2 protein chains.
Amino acid sequence: MSLTIIGSVALDSVETPFGETADALGGSALYFGCAAVHMHPMSIIGVVGNDYPMAELDKLAARGVDISGLERVEGESFRWKGKYSYDLQNRETLDTRLGVFADFDPKVPENLQSSKYVFLGNIDPVLQLNVLDQMAKPKFVVCDTMNFWISSKRDELLALMKRIDLLMVNDAEARELSGDWNIHRAARWILDNGPRMVVIKQGEYGAVLVTEDSTFYVPAYPLEEIFDPTGAGDSFAGGFMGHLARTDNVTRDNLRVAMVYGSTMGSFAVEKFSVNKLNEIGLEEIEERARKFADLVHFELEDLK
Amino acid sequence: MSLTIIGSVALDSVETPFGETADALGGSALYFGCAAVHMHPMSIIGVVGNDYPMAELDKLAARGVDISGLERVEGESFRWKGKYSYDLQNRETLDTRLGVFADFDPKVPENLQSSKYVFLGNIDPVLQLNVLDQMAKPKFVVCDTMNFWISSKRDELLALMKRIDLLMVNDAEARELSGDWNIHRAARWILDNGPRMVVIKQGEYGAVLVTEDSTFYVPAYPLEEIFDPTGAGDSFAGGFMGHLARTDNVTRDNLRVAMVYGSTMGSFAVEKFSVNKLNEIGLEEIEERARKFADLVHFELEDLK
């Protein structure tokens, strides 16, 4: 079932305790795409400048990432530069240059207007609403956002929330949005304000899916080596949506499985710089790691007797 | 199978955003005992001053908490006073008065020397070793500690670690002890330095059990109302050890079930001040909540097909 993301395609310069990279492939749509495409063909709506290394995108296209909705315009691509602390727990943004992204006015190509699974990556809620207006009748719409939009475009974000199925945010964003530090009350507040479901990503602790009548935890995959946390959340989203699209099934049980694929893809993303690890692995390796999650949480209360 | 804890029996004065309490029952041994006794009779080794409200302890004794190993000496009981931040994420110690605890030199009564399940609560590692030396042949020894001992009595703690089965600490303690911020490498370091198993408690995110060949996560029970986090970790330990003792089974599968009872008891502890909630509930309520953990993490990858 057709899967589309609107989001950023960027060039990232990242410094971690283990090395650094300059102008590497990055952005929410790219991480999402490199994760999701392992499971299902998908399309990116976004914009890049004429300085973007298109040969790299062409390689992705050959693997099933449709970039026909990616505008190429005169100017510089979106660039982000950041540095992580020694323990990867904090990061500092050293530079953000929006470039052609500053004037981005997304047009959904006709062939993508019928997309069934839609992910609205973290951009201005006005643009997210705009994209959603151009979609004919999506089956399942998921939205990401960030603290900047929560404070600066709160009304627009609240309007958008009434039109989506699931909000996917991290715990700090859930707290800021709801004004409640308790993550379960924050989740309840979000459900009371629009979406039927919310996924709260908790970094190294995993993620939680909350619906009206159910809470589901997936841990983060235990990794002794984390190289670069950039893009973990977007890769989680890609694995989550990729699984939903390939199965075309948004039942409670299948959403839980999607959480496992989300956590799986997030764990691969952080093992190397940029999307490098996501592009090296194959479906077999993904399925193998996903299966390992079962043992990470398995117990049988029958042992009590 | 006999279960004994050595630890503190204290009087806590706690301030949270929701209220305050003065000189309420507290201390690691008391939280542990009030949690564990729901599952199995247990014994406390500790010390209190002649100002301690013994009538309260007598009520616990009537429920199966053996306090024959609790010394009563002339002087003031151990008192702790603390204040939590608005979001309960941080706490400040306002006052610590060791009182009779300062000169505590634990003597294990003869009838407790044959204890099979032993929990060495967070006290000076020298005393923990001393207690362990007095035990005849325990089957399963678990030890807690804290940053203060990790820095001030490191050698003694490392010596102790070689004589225990499982170390139970929180994530900050695991990081400080191992000198490694990555929690999975920290766990590996701990296993390389003595115990066969380590439980790392992660507060609102749950806890993880790591052994040589297996990692198991249990989430924290989702609570919309947390009243007072004091004693959550000790109550976790009480539920964990209480289950092991009642089943007299330390297989991998049963340790996982013990983790669930640990998380269950930790979640009850934080719902009211002091040990009040732990003393209100019954085994039926405990089993009911423990059963709910299964659904919190349940998924079936078969749905993929």
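Predicted model only: the values in this text are computed from it and were never measured.

Student: Teacher, can you tell me more about the interface of chain B and chain A here?
Tutor: Accessible area lost upon the coming together of the parts serves often as the stated size of an interface. Counting residues at the interface gives 32 residues for chain B, matched by 32 residues for chain A. Of all the secondary structure elements, the ones that give two or more residues to the side of chain B that touches chain A are α7 (183–192), β14 (214–218), α9 (252–269) and α11 (283–297) of chain B. When grouped by side-chain class, the residues that make up the side of chain B that touches chain A number 17 nonpolar, six polar and nine charged.

Student: Help me understand α7(B) in this model?
Tutor: Turn by turn, an α-helix covers 3.6 residues, leaving residues three or four places apart pointing in a common direction. Residues and elements named next belong to chain B. Residues I183, H184, A186, A187 and I190 constitute the buried set of α7. In a view along the axis of α7, the buried residues occupy a sector of 155 degrees, so they form one face of it. Of the surrounding secondary structure, the elements contacted by the buried residues of α7 are β11 (166–170), α6 (171–178), β12 (197–201) and β13 (207–211). Count one or two residues on from α7 and you reach G194, which has phi positive near 145 degrees.

Student: I tried to follow the relation of the copies chain B and chain A on my own but got confused; where do I start?
Tutor: The two chain copies are related to each other by a rotation about an axis together with a translation along it. It takes a turn of 180 degrees to lay chain B on chain A, together with a shift of 0.0 Å along the axis; the resulting RMSD is 0.0 Å. Read as a symmetry element, the transformation amounts to a two-fold axis. In this assembly the copies share their binding face: 100% of the residues contributing to the interface of chain B also contribute to that of chain A.

Student: Explain the packing of helix α3 (residues 125–134) of chain B against helix α5 (residues 154–161) of chain B to me, please; I cannot follow it from the model alone.
Tutor: Axes are the key here: two packed helices are described by the angle between their axes and the distance separating the axes. Residues and elements named next belong to chain B. The N-to-C vectors of α3 and α5 enclose an angle of 30 degrees; their axes lie 8 Å apart at closest approach. Taken together, the axis directions place α3 and α5 in an arrangement best described as roughly parallel. The interaxial crossing formed by α3 with α5 has left-handed handedness. Together, P125, V126, Q128 and L129 of α3 and E156, L157, A159 and L160 of α5 make up the contact between the two elements.

Student: Just to check I follow, could you spell out the sheet that holds strand β7 (residues 78–84) of chain B for this structure?
Tutor: For sheets, the rule is that strands pair by backbone hydrogen bonds, running either parallel or antiparallel. Residue and element names in this part refer to chain B. Strands sit in the order β3-β2-β7-β8 across an open sheet of four strands; the sheet is mixed. Both outer strands of the open sheet, β3 (19–26) and β8 (91–97), are each paired with one neighbouring strand and no more. Across the sheet, the mean angle separating the axes of adjacent strands is 15 degrees when strand polarity is ignored. Bridge count for strand β2 (residues 10–16) against β7 is six bridges, and the pairing is parallel. In the sheet register, D12 faces β7, and the bridge partner there is W80.

The rules we used
- Residues numbered from 1 in each chain as written.
- Chains lettered and ligands numbered in written order.
- Predicted model: local features only at pLDDT ≥ 70, side-chain atom pairs only at ≥ 80, totals over all residues.
- Contact = placed C-beta atoms within 7 Å.
- Helix = DSSP H or I, 4+ residues; strand = E, 2+ residues; numbered from the N terminus.
- Nonpolar A, V, L, I, M, F, W, Y, C, P; charged D, E, K, R; others polar.
- Buried ≥ 20, exposed ≤ 12 C-beta atoms within 10 Å, placed from the backbone.
- Arc of directions from axis to C-beta.
- Least-squares fit on C-alpha atoms with pLDDT ≥ 70 in both.
- Axes fitted to C-alpha atoms, helices over the stretch in contact; angles between N-to-C directions.
- Parallel < 35°, antiparallel > 145°, perpendicular 65-115°, else oblique.
- Left-handed = near helix turned anticlockwise from the far one by under 90°.
- Pairing = 2+ DSSP bridges.

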